[in-house]
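What follows is each chain in one-letter form.
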Amino acid sequence: MSQKGSGPRGLPEELPDRLPVDVVDNHVHLDITREGDEPFAVADAIERAAAVGVSRLVQVGCDLDGIRFTLAAIDEHPELLGGIALHPNEVPRLHAEGRLDEAYAEVERGAAHERVRVIGETGLDYYRTGPEGVAVQQDGFRWHIDLAKRLGKALQIHDRDAHADVLRILDEEGAPERTVLHCFSGDLAMARECVERGYHLSFAGTVTFKNARGLRDALTAVPLHQLLVETDAPYLAPAPYRGATNASYLVPATLRAMAGVLTVDVPTLCRAVSENSERVYGPWGGPRSGQTA
C-alpha cells in the first residue's frame with residue numbers, strides 16, 4: 001500500500017480495504033481531539049469504522065471529563081462498551097490537588113454501569129511522572145486492581161517505562177481474571193511473562209512502525225487466543241498512515257500487519273480478535289461479530 005496523505009481534520013484520503021470478518025477496536029479515546037483537528041463526532045467515528053469491518057469499540061475515559069463522556073456515549077451508542085479509570089498520570093495530579101478520594105468515588109460510581117466492562121486504563125507511567133509521584137501512582141494502580149476484582153470487570157493496563165513494577169504489583173495484588181496489557185510496549189521476554197500469566201496483549205499501530213522490530217518479535221510470542229488489537233486513537237496511526245489522525249477505521253492496517261508477522265491469514269486473525277474481545281468484555285448488544293464482506 002502506498003503512503004497516504006491527510007485530508008480534512010488529518011483524515012487519510014483513502015481508508016483501508018474492509019476486513020473479511022468484523023473485529024473490535026479494544027481501546028479508543030473518542031473524547032480526545034488531537035491538537036489542530038476539529039472534533040470528530042462519535043456517530044461519524046462509529047460509521048466510518050463499521051465501513052471497514054470494525055463494528056464494535058471500547059471507549060476509554062481516563063480523566064474525570066473523559067469518564068463522564070464515556071458514560072454518556074455508551075448509553076447512546078450500542079456499538080460502544082466503556083472503560084473508565086484515572087490514568088496513572090492523573091493520580092499524582094489529583095493527589096496534589098487534594099481531590100483524589102473524591103475522584104476515586106466518582107470512578108467507583110461510574111464503574112457500576114452495566115456497559116462499563118473495563119477498569120482502565122490504569123497502571124504505571126514513569127515517562128511523565130517523576131520519582132516524587134511514583135508511590136501515589138503505584139497506590140492508584142493497586143486501588144484500580146482491587147476495584148476491577150470487586151466488580152468482576154476486566155482490567156486494562158497502561159505501562160510506560162515501568163514493565164518490572166507493573167508485573168510485580170500485579171503479582172502482589174493478584175491480577176483480575178481478565179487482564180489486558182493495552183498498547184503493549186514490552187519486549188519478547190515481557191511478552192512471554194504476560195502470556196504465561198494468562199494476560200491478553202493488545203497491539204496498536206506502533207507494531208507497524210519501521211523501528212519496532214522488538215515489538216514485532218514480542219507479537220510472535222503471543223498465542224492467537226490472547227491477542228487483541230486497538231488504535232489508542234487519536235494518536236499512533238499505523239503505517240502507512242503515520243501523521244494522520246488515528247481512529248478505529250485504521251484498525252485494518254494494524255491487523256493486516258499483525259497477520260503478516262504471525263504468518264496467519266487475515267480472516268483467522270480477525271475471528272480470533274473478535275472472539276477474544278467478547279470473551280474479555282462480554283457481548284455488546286449492538287452490531288455483532290462475524291459479519292463478512
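Residues numbered from 1 in each chain as written. Predicted model: local features only at pLDDT ≥ 70, side-chain atom pairs only at ≥ 80, totals over all residues. Heavy atoms only, no water.

Caption draft 1: Up close: the packing of helix H9 (residues 251-262) against helix H10 (residues 266-281). Contact pair H9 / H10: the axes reach a minimum separation of 9 Å and the direction vectors enclose 110°. In terms of orientation, H9 lies roughly perpendicular with respect to H10. In terms of crossing hand, the pair formed by H9 and H10 is right-handed. Of the residues in H10, those in contact with Leu-255, Arg-256, Met-258, Ala-259 and Leu-262 of H9 are Val-266, Leu-269, Cys-270 and Val-273. (Axes fitted to C-alpha atoms, helices over the stretch in contact; angles between N-to-C directions. Helix = DSSP H or I, 4+ residues; strand = E, 2+ residues; numbered from the N terminus. Parallel < 35°, antiparallel > 145°, perpendicular 65-115°, else oblique. Left-handed = near helix turned anticlockwise from the far one by under 90°. Contact = heavy atoms within 4.5 Å.)

Caption draft 2: The arrangement of the nonpolar core in detail. Leu-86, Phe-141, Phe-184 and Phe-203 are the most contacted members of the largest nonpolar core, which totals 77 residues. Leaving out residues up to four positions away in the same chain, Phe-141 has contacts with Thr-122, Gly-123, Leu-124, Leu-155, Ile-157, Val-166, Ile-169 and Leu-170. In this structure, Val-24, Val-58, Leu-228 and Tyr-281 belong to the second largest nonpolar core, which totals 11 residues. (Core = buried A, V, L, I, M, F, W, Y, C linked by side-chain atoms within 4.5 Å. Buried < 20%, exposed > 50% of the residue type's maximum accessible area, 1.4 Å probe, protein only.)

Caption draft 3: The sheet that holds strand E5 (residues 154-160), seen in detail. Strands sit in the order E1-E2-E3-E4-E5-E6-E7-E8 across an open sheet of eight strands; the sheet is parallel. In this open sheet, the two strands that pair with only one neighbour each are strand E1 (23-28) and strand E8 (227-229). Mean inter-strand twist for the sheet, computed between neighbouring axes without regard to direction, equals 25°. Across three bridges, the pairing between E5 and strand E6 (residues 179-181) is parallel. What sits directly across from Ile-157, in E6, is Leu-181. Lying on the sheet, helix H2 (residues 64-76) is in contact with strand E2 (54-61), strand E3 (80-84) and strand E4 (116-125); it crosses E3 at an angle near 160°. In the packing of H9 onto the sheet, the strands contacted are E1, E2, strand E7 (200-203) and E8, and the crossing angle to E8 comes to about 150°. (Pairing = 2+ DSSP bridges.)

Caption draft 4: Region of interest: the layout of surface pockets. Of the voids in this model, the largest pocket is the one considered here, and its volume is about 710 Å³. Around the largest pocket, the lining comprises 24 residues; the ones closest to its centre are Arg-128, His-158, Arg-160, Asp-232 and Leu-236. Residue assignment for the lining of the largest pocket shows that the elements contributing at least two residues are E4 and E5. Looking at the lining of the largest pocket, the element that brings in the most residues is E5, giving three residues. Here the lining of the largest pocket is composed, by residue class, of nine nonpolar, eight polar and seven charged. (1 Å grid on protein atoms, 1.4 Å probe; cavity = no way out; pocket = protein on both sides within 12 Å on 5 of 7 lines; lining within 4 Å. Points joined across faces, edges and corners; volume = space filled by probe spheres on them. Nonpolar A, V, L, I, M, F, W, Y, C, P; charged D, E, K, R; others polar.)

Caption draft 5: Quick peek at the packing of helix H6 (residues 163-173) against helix H7 (residues 188-197). With their axes 11 Å apart at the nearest point, H6 and H7 run at an angle of 15° to one another. One element, H6, and the other, H7, form an angle in the roughly parallel class. Helix-helix and strand crossings are classified by hand; for H6 and H7 the assignment is left-handed. Taken together, the residues of H7 that come into contact with H6 (itself represented by His-163, Leu-167 and Asp-171) are Met-190, Glu-193, Cys-194 and Arg-197.

Caption draft 6: View of the pattern of salt bridges. The tally for this structure, following the rule as stated, stands at 18 salt bridges. One salt bridge connects Asp-37 with Arg-34, and the closest N-O pair in it is separated by 3.4 Å. Salt-bridge contacts for Asp-44 lead to Arg-48; the nearest nitrogen and oxygen are separated by 3.3 Å. With a gap of four residues between them, Asp-44 and Arg-48 both fall in helix H1 (residues 42-51), about one helical turn apart. Among the residues examined, Asp-44 registers a relative accessible area of 23% and is labelled partly exposed. By relative accessible area, Arg-48 is classed as partly exposed at 28%. (Salt bridge = Lys/Arg side-chain N within 4 Å of Asp/Glu carboxyl O.)

Caption draft 7: The packing of aromatic side chains, seen in detail. Using the criterion set out here, one finds four aromatic pairs in the structure. Between Phe-40 and Tyr-249 the ring centres are 6.2 Å apart and the planes differ by 70°, which places this aromatic pair in the edge-to-face class. Taken together, the positions of Phe-40 in the loop between E1 and H1 and Tyr-249 in the loop between E8 and H9 put the pair 209 residues apart, joining distant regions of the chain. Here Phe-40 falls in the buried class, since its relative accessible area comes to 19%. Judged by its relative accessible area of 0%, Tyr-249 falls in the buried class. Between Tyr-104 and Trp-143, the aromatic rings sit 4.1 Å apart at their centres with planes inclined by 15°, giving stacked as the arrangement. Here Tyr-104, found in helix H4 (residues 100-111), pairs with Trp-143, found in helix H5 (residues 134-151); they are 39 residues apart in sequence, far enough to count as distant. Judged by its relative accessible area of 18%, Trp-143 is buried. Over the ring of Phe-209 we find Arg-242; its NZ or CZ atom is 3.6 Å from the centre of that ring. (Phe/Tyr/Trp six-rings, centres within 6.5 Å; stacked < 30°, edge-to-face > 60°. Lys NZ or Arg CZ within 6 Å of the ring centre and 35° of its normal.)

Limitation: the analysis is restricted to geometry and does not speak to function.
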